[in-house]
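# Structural overview for review
These are the residues of each chain, in order.
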Amino acid sequence: MFSDNKKPRPMTEFGGQPNRIEKNTKIKGDITSEADFRIDGKLEGNVKTSGKVVIGKDGYINGKVECVNADIEGKFNGELLVKDLLSLKSSATIEGTVSVAKLAVEPGATFNAACTMGKGAVATPKLESNKNEPAKVS
């Protein structure tokens, strides 16, 4: 991942593959990344990324999510801060508070959240790499 001068290479050199939390995986802890994230398992904690977060049909997050875009098919409970577009699929269930610039909701989605919308409603997530703690996998 690091070249001879110890600088990280851009994600695009690796094909831009997203991080994944697979089905039947449970994680407690906070995640910080510059890459996209797909969650098909369960996460109790926070996600902060300058990319996109996808919660798959079997995915569940209980915590705070800060991202640029999000596609949700599964369940979310907590605080959701999306800088650009939040897309809720028909199987999505959202509870908590949401702050988003743009919102797309398919018929059938459950949206029980206090929502703030509009340009500038959410600041760009700033990553703080020095405050990471290891996540616990169970």
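Quick caveat, the model's predicted, so the values are computed rather than measured.

## Observations concerning the side chain of Thr49
Secondary-structure assignment places Thr49 in strand E6 (residues 47–49). By relative accessible area, Thr49 is classed as buried at 0%. Here the side chain of Thr49 touches Ser33 through a polar contact of 3.0 Å, landing on its backbone oxygen.

## Digging into the pattern of salt bridges
Evaluation of the coordinates by the stated rule reveals eight salt bridges. Glu66 is the salt-bridge partner of Lys48, the closest N and O atoms lying 3.9 Å from each other. One end of the pair, Lys48, is in strand E6; the other, Glu66, is in strand E8 (residues 60–67), with 18 residues separating them in the sequence. In this structure, Lys64 engages Glu66 in a salt bridge whose closest nitrogen and oxygen atoms are separated by 3.8 Å. Assessed through its relative accessible area of 28%, Lys64 is described here as partly exposed.

## Some details on the confidence of the model for the chain
Put simply, the chain has an average pLDDT of 83, and 75% of its residues get 70 or more. Within the model, pLDDT remains below 50 along residues 1–15, and this stretch shows 10 contacts once partners closer than five positions in the same chain are excluded.

## Here's the deal with the environment of Tyr60
Examined against the element boundaries, Tyr60 turns out to sit in strand E8. Each C-alpha atom of the pair Tyr60 and Gly41 lies 6.4 Å from the other, and the pair is 19 residues apart in sequence. When residues no more than four places from it in sequence are discounted, the contact partners of Tyr60 are Ile39, Gly41, Lys42, Leu43, Glu44, Ile55, Lys75 and Asn77.

What counts as what
Residues numbered from 1 in each chain as written. Predicted model: local features only at pLDDT ≥ 70, side-chain atom pairs only at ≥ 80, totals over all residues. Heavy atoms only, no water. Helix = DSSP H or I, 4+ residues; strand = E, 2+ residues; numbered from the N terminus. Buried < 20%, exposed > 50% of the residue type's maximum accessible area, 1.4 Å probe, protein only. Polar contact = N/O pair within 3.5 Å; in protein donor to acceptor, adjacent residues only side chain to side chain. Salt bridge = Lys/Arg side-chain N within 4 Å of Asp/Glu carboxyl O. pLDDT = per-residue confidence, 0-100. Contact = heavy atoms within 4.5 Å.

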